[in-house]
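Topology and contacts: notes
The primary structure of each chain is shown beneath.
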Amino acid sequence: MLTEFGQVSKYLDLRKNPFNCSACGMEDFQAFFRDSNLTFTLPNEQIDNLSYTCVEPVFLRKKPFESVELPVVNCDVEEAALIGLLAIASICFAILFVMLVLLVCFFFRWYVRYWVFYVQAKMKEKKNNRIYEPRYSYDAFLSYNSANTPWVVTYLIPALEVQEPKFKLCVHERDFQVGSLITENILEAIDASRKVILILSESFIKSEWCMFELHMAQHKLFDDTRDGLI
């Protein structure tokens, strides 16, 4: 490219440029500087030894560029090192990005789970050509931890299903479909119930599945604009 430039121009003013005499490719440029027919000044100006001097490295500073003995530089090694650094930086960035995604998924895992299963349910409805209509099979879906099962079975269910007024409840131990995923059962139970009754307790809060039901109910009812949490 430098040779082609010499064929279309007679003058090339590169003064006041900081020449790094230890950079890759400087040997070729020095040979071009010496052998070219170009005049390295503006027309009608004189060139002197101080017009083109080395700035780097320090031991060659202010040495005339044309006559200085350039240090030997292995450009292939420098290029390989640069590629290696770029590769390491890319890998580190990818690892940090994956860690960030994992942290976001961990802290917002309930939202992620909900939307994954919600989208799956909607796709399943669309595939089966089902049109959503608010037809409720149950008055309420009971969400509770297994540690509270004795109280729920002994007192709560009889109080709501036997005594007047009678309510039809969806109880996971009794009404969930055998063989279906528990997430699908939870979504369908919330969809099919007018209300969701949460039996809050210490064991409920410590249970991931109970908290999953809570968040699923919150988002599903909010999406349907229903005030259905009890």
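Bear in mind the structure is a predicted one, so any value in this text is a computation, not a measurement.

Our focus in this paragraph is the overall build of the chain. Check the secondary structure of the chain and you find nine helices and five strands. From first element to last, N terminus to C terminus, the chain shows the α and β order α-β-α-β-α-α-β-α-β-α-α-β-α-α. Going through the 230 residues of the chain one by one, you find that 32% of them count as buried. Long-range contacts, defined as pairs at least 24 residues apart, comprise 72% of the intrachain contacts of the chain with a sequence gap of at least 6. When the accessible surface of the chain is split by element, carbon and sulfur atoms take 61% of a total near 16100 Å².

Position of Asn145 relative to the elements: it lies in the loop between β3 (138–143) and α5 (149–161). You can call Asn145 buried: its relative accessible area is 12%. Of the polar contacts made by the side chain of Asn145, one reaches the side chain of Ser203; its length is 3.5 Å. Among all residues touching Asn145, those that are not within four sequence positions of it are Ser203, Phe204, Ser207 and Cys210.

This part is about the pairing of β3. The element β3 is largely enclosed, with a buried count of five among its six residues. Relative to strand β5 (residues 193–198), β3 runs parallel, the two sharing five bridges. In the sheet register, Phe141 faces β5, and the bridge partner there is Val196. Where β3 lies against strand β4 (residues 169–171), three bridges are found, and the strand directions are parallel. Looking at the pairing, Phe141 lines up with Cys170 of β4.

Moving on, we get to the sheet that holds β3. Taking strand neighbours across the sheet as the criterion, the three strands line up as β4-β3-β5 in an open arrangement whose pairing is parallel. At either end of the open sheet lies a strand with only one pairing partner, and these are β4 and β5. Pairwise comparison of adjacent strand axes, ignoring direction, gives a mean angle of 30° for this sheet. Most of the contacts of α5 go to β4, to which it runs at about 155°, and overall it touches β3, β4 and β5.

This brings us to the confidence of the model for the chain. Chain-level pLDDT for the chain is 75 on average; 75% of the residues reach the 70-or-more range. Ranking the elements of the chain by mean pLDDT puts helix α1 (residues 2–8) last, at 54, and β4 first, at 88.

For the structure on display, the rule yields three salt bridges. We note a salt bridge from Arg174 to Glu161, for which the minimum N-O separation is 2.9 Å. Of this pair, Arg174 sits in helix α6 (residues 172–175) while Glu161 is found in helix α5, placing the two residues 13 residues apart along the sequence. The partner of Glu202 in a salt bridge is Lys206, with the nearest N and O atoms 3.0 Å apart. With Glu202 and Lys206 both in helix α8 (residues 202–206), this residue pair falls four residues apart, about one helical turn. Per residue, the accessibility class of Glu202 equals that of Lys206, and both read exposed. Salt bridges sharing common partners tie together Glu161, Arg174 and Asp175.

Bringing the environment of Pro43 into the picture now. Positionally, Pro43 belongs in the loop between α2 (26–35) and β2 (54–56). A C-alpha to C-alpha distance of 9.4 Å links Pro43 and Leu12, two positions 31 residues apart in sequence.

On to the packing of aromatic side chains. Enumeration over the complete set of coordinates arrives at one aromatic pair. With a centroid separation of 6.0 Å and 20° between ring planes, the pair formed by Phe141 and Phe176 is classed as stacked. With a gap of 35 residues between them, Phe141 in strand β3 and Phe176 in the loop between α6 and α7 (182–191) connect regions that are remote in the sequence. Note on accessibility: Phe141 and Phe176 belong to one class, buried. Directly above the ring of Tyr138 sits Lys168, whose terminal nitrogen or CZ lies 5.5 Å from the centroid.

Parameters and conventions
- Residues numbered from 1 in each chain as written.
- Predicted model: local features only at pLDDT ≥ 70, side-chain atom pairs only at ≥ 80, totals over all residues.
- Heavy atoms only, no water.
- Helix = DSSP H or I, 4+ residues; strand = E, 2+ residues; numbered from the N terminus.
- Buried < 20%, exposed > 50% of the residue type's maximum accessible area, 1.4 Å probe, protein only.
- Contact = heavy atoms within 4.5 Å.
- Areas by Shrake-Rupley, 256 points an atom, 1.4 Å probe, with all protein chains shown as cover.
- Polar contact = N/O pair within 3.5 Å; in protein donor to acceptor, adjacent residues only side chain to side chain.
- Pairing = 2+ DSSP bridges.
- Axes fitted to C-alpha atoms, helices over the stretch in contact; angles between N-to-C directions.
- pLDDT = per-residue confidence, 0-100.
- Salt bridge = Lys/Arg side-chain N within 4 Å of Asp/Glu carboxyl O.
- Phe/Tyr/Trp six-rings, centres within 6.5 Å; stacked < 30°, edge-to-face > 60°.
- Lys NZ or Arg CZ within 6 Å of the ring centre and 35° of its normal.

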